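What the coordinates show
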Amino acid sequence: MLPANPLRRCLLVPLYLLLLTPAARAQSPATDSLEQALHQHTEQDKARIDLLNTTSRSYFTRNPVMAEKYAVEALEISQRLNYTKGKIWAQRNLALVENTRGHLDKQMQLTLSALKLAEAVNDEHTLSILYNDMGNIFTEQNSPRDALIYLHKSLVIKNKLKEAPEISKTLNNIGSAYLALHTLDSALHYLHQAEAIKLSLNDQRGLAYTYENLGLVAMLQRRLPDALRYHELSSTCYHDADNQLGIVKSSLNLAEVQTFMGNFSEAEKNLAHAFDVNSTLKNVKNDMIYYKIRYELDSARKDYQAAFQHFKAFTDRNMGFFNLEKSRQISRSQEKYEAEKKQQENELLKKEQQIHLATIQQQRILVLSAALLFVILLIITFILYRMYKRQQVLTHALNSKNQEVSLQNHIILEQNTTLESLNQVKDKIFSVISHDLRSPLAILEGLLFLLKDEKIEPEQFRYYTDELWRDVKNTAYMMDNMLQWASNQMKGIGVRADDFDFTLLLNQEFELLQTLARQKDVALHHEINGAVLVYGDPEMIRMVVRNLINNAIKFTPGGGRITVSARIDKTSVEVMVRDNGTGIPIENQHRIFSNIYYSTNGTRNEKGCGLGLHLSKDFVERNNGRIWFHSTPGSGSSFSFTVPLSEETDANVRGYTLVVQNGGTNGMSVLK
């Protein structure tokens, strides 16, 4: 190893400069040479930082783990030395690593951090590259119009600097943004310009991306032979550059084109290859695309059962990816809102501080004036009297101003509380609609697509009808709960109390719930002798009964039983819904009736929105009742609530116990 002295620096610096030049980057310098240079230069200085960043950039398409390792080291040393250029490129390399994993939010944060540093030092070359990166992120986040703003800013700077390799990259990315907008003529215009520059530079690495985009345009235009040719060229370039992420994308693109062209065996090989490579990269977006193309291939081969399973896998990942992006957008909106609120509070505090400082300054002037006037004995009485009056006026004005500021603070706090409440309602509605309601509709859409195009026989379709009916019914119940809850949160629901027959209401709900129970092999029995008149809002009580019984069915496995009993005392009827299902884990029991929305899947993966029990508690208490539960994990749960009796209830009925049972063996009659 060379000693750490000035001679050694003189020998190594030219090598670093050579490795960091655009030409060297365009030609992908040998990683072995970079590793050797790093091994020789161990001093923690700027030269090592530049070398670490160059090595990281050479690794990110082939080995993201190694790229991350070198970028992290470069960032740590740069922060220690306060080396702005090193921090910019280390953060940019870490952002590219996150892109290979499909973590677009992390890539956005790192790129924005690097962009702020580059704008501070006004480095045009670096700014053009980071603007280009921002455009790519927005395109992948399905925001191509936002992407075009950054990409055109990047192109203006690159044309000014006359950097042909960088110009070709941005032209390619502009074409990709127009492709996302389905403006295919504009996409082809920019892609062909990028192709011409890259061919003149013999940029095989860059041509891989352009050929991929040209292949996607050809697929949208249904020019399948051209699409196949472009994707084969793209695959060759990605393999030559050892670009692992590109290899996955090109294999998936080839599989989709080959599926449409009927070449199923080759499509199967490319899908298997994409799956193997992506298992190492763990890119969530490519995993979702894999199951989409797998579903298309199974459907084309008329293997509808496998197609259905792969379509469900695709929708699950699509919903997960969609919800993740949505939650990130909500999180970013909340952070922005909190920052704006904090800024308002700071401005208000600053104004108050200025008022107090002004008051203190006035008081100091008064003290000095009083000291001077004290020396002048002849006029001290008159001066003190005048100053005393003036002090009273100032104090009164200050008190009035403080009261006004306090009132404004109170109004702002109330408005913030209202905004936060409405924001929670909005977020919950987005969450339910985007996940719990879209999933069964997406599955139904997939089956109807197969039935419409005569790709599945009606007999095969009937095989899935029970499962679909149950999913849609659960979705309808979730929609009722969500609408009731949203209305209750946003404008309140008035209680319309009246006398009604609880037994008749119960019978009406059992007629529908029995079908759900029968699908799970849970018998539903019911016997009540005579009417039970109660006083309350019948629609609210109906929602409570439906939620509790539907919840019991959801968490009771096949062959189980549910018992609903009622006991009448002097003033109210107490209703209990008991099941022998899975029960509630002890650590989650405190969340059942709290404001924390708690939801888990049922014994057959039935889904809920976590609003039913919270809504039931609110409705029971609005009707002057109580609600509580007992649960043993593995043995079942019982939920109880009370409803006031009507004044018309016969005194002989009070104190009577009635039983509604399913799963019993005591000769109970079955509702039809």
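Residues numbered from 1 in each chain as written. Predicted model: local features only at pLDDT ≥ 70, side-chain atom pairs only at ≥ 80, totals over all residues. Heavy atoms only, no water.

1. Notes on the confidence of the model for the protein chain
With 75% of its residues at a pLDDT of 70 or more, the protein chain shows a mean pLDDT of 79. Predicted confidence is poor over residues 1-28, with pLDDT under 50, and the contacts of this stretch with residues over four places away or in other chains come to 33 contacts. Contacts from residues 660-672, a stretch scored under 50 in pLDDT, to residues over four places away or in other chains number 45 contacts. (pLDDT = per-residue confidence, 0-100. Contact = heavy atoms within 4.5 Å.)

2. Examining the packing of aromatic side chains
The geometry of two aromatic rings is summed up by the distance between their centres and the angle between their planes. The full count for this structure, using the stated rule, is 13 aromatic pairs. Seen from their ring centres, Y178 and Y190 are 5.7 Å apart, and the 10° between their planes marks the pair as stacked. Within this pair, whereas Y178 is found in helix α10 (residues 164-180), its partner Y190 is found in helix α11 (residues 184-201), the two being separated by 12 residues in sequence. The residues Y178 and Y190 share a single accessibility class, namely buried. With 4.8 Å between their ring centres and 55° between their planes, Y295 and F311 make a pair best called tilted. Here Y295, found in helix α16 (residues 284-300), pairs with F311, found in helix α17 (residues 304-375); they are 16 residues apart in sequence, far enough to count as distant. A single burial state applies to Y295 and to F311, both of which are buried. A connected cluster of aromatic rings, assembled from ring pairs, spans Y131, F138 and Y150. Directly above the ring of Y70 sits K69, whose terminal nitrogen or CZ lies 5.4 Å from the centroid. Taking NZ or CZ as reference, R222 lies 5.2 Å from the ring centre of F260, over its face. (Phe/Tyr/Trp six-rings, centres within 6.5 Å; stacked < 30°, edge-to-face > 60°. Helix = DSSP H or I, 4+ residues; strand = E, 2+ residues; numbered from the N terminus. Buried < 20%, exposed > 50% of the residue type's maximum accessible area, 1.4 Å probe, protein only. Lys NZ or Arg CZ within 6 Å of the ring centre and 35° of its normal.)

3. Focus: helix α4 (residues 46-59)
With 14 residues, α4 should cover 20 Å at 1.5 Å per step; its first-to-last C-alpha distance of 20 Å lies within 8% of that length. Counting buried positions over the 14 residues of α4 gives 12, a clear majority of the element. (Expected span 1.5 Å × (residues − 1).)

4. Thoughts on the pairing of strand β5 (residues 627-632)
Only one face of β5 is buried, namely the one carrying I627, F629 and S631, since none of W628, H630 and T632 on the opposite face is buried. Where β5 and strand β6 (residues 636-644) come together, 6 bridges link them in antiparallel fashion. Across the sheet, residue H630 finds its bridge partner in β6, namely S638. (Pairing = 2+ DSSP bridges.)

5. What about helix α13 (residues 224-240)?
Look at α13: 24 Å from first C-alpha to last across 17 residues, which is about the 24 Å you get at 1.5 Å a residue. For α13, the complete set of buried residues consists of L224, A227, L228, Y230, H231, S234, S235, C237 and Y238. In this structure, the buried side of α13 is in contact with α11, α12 (204-220) and α14 (244-261). Positive phi shows up at D242, right after α13, with a value of about 55°.

6. Digging into the pattern of salt bridges
Taken as a whole, this structure holds 22 salt bridges when the rule is applied. Residue E166 pairs with K158 through a salt bridge whose shortest N-O separation is 3.1 Å. The pair E166 / K158 is uniform in exposure class, with both members buried. The salt bridge partner of E296 is K292, with a shortest N-O separation of 2.9 Å. Of this pair, E296 and K292 both sit in helix α16, 4 residues apart, which is roughly one turn of that helix. Taking the relative accessible area as the measure of exposure, E296 reaches 17% and is therefore buried. The class for K292 is partly exposed, based on a relative accessible area of 27%. The network of salt bridges with shared partners includes E268, R294, D298 and R301. (Salt bridge = Lys/Arg side-chain N within 4 Å of Asp/Glu carboxyl O.)

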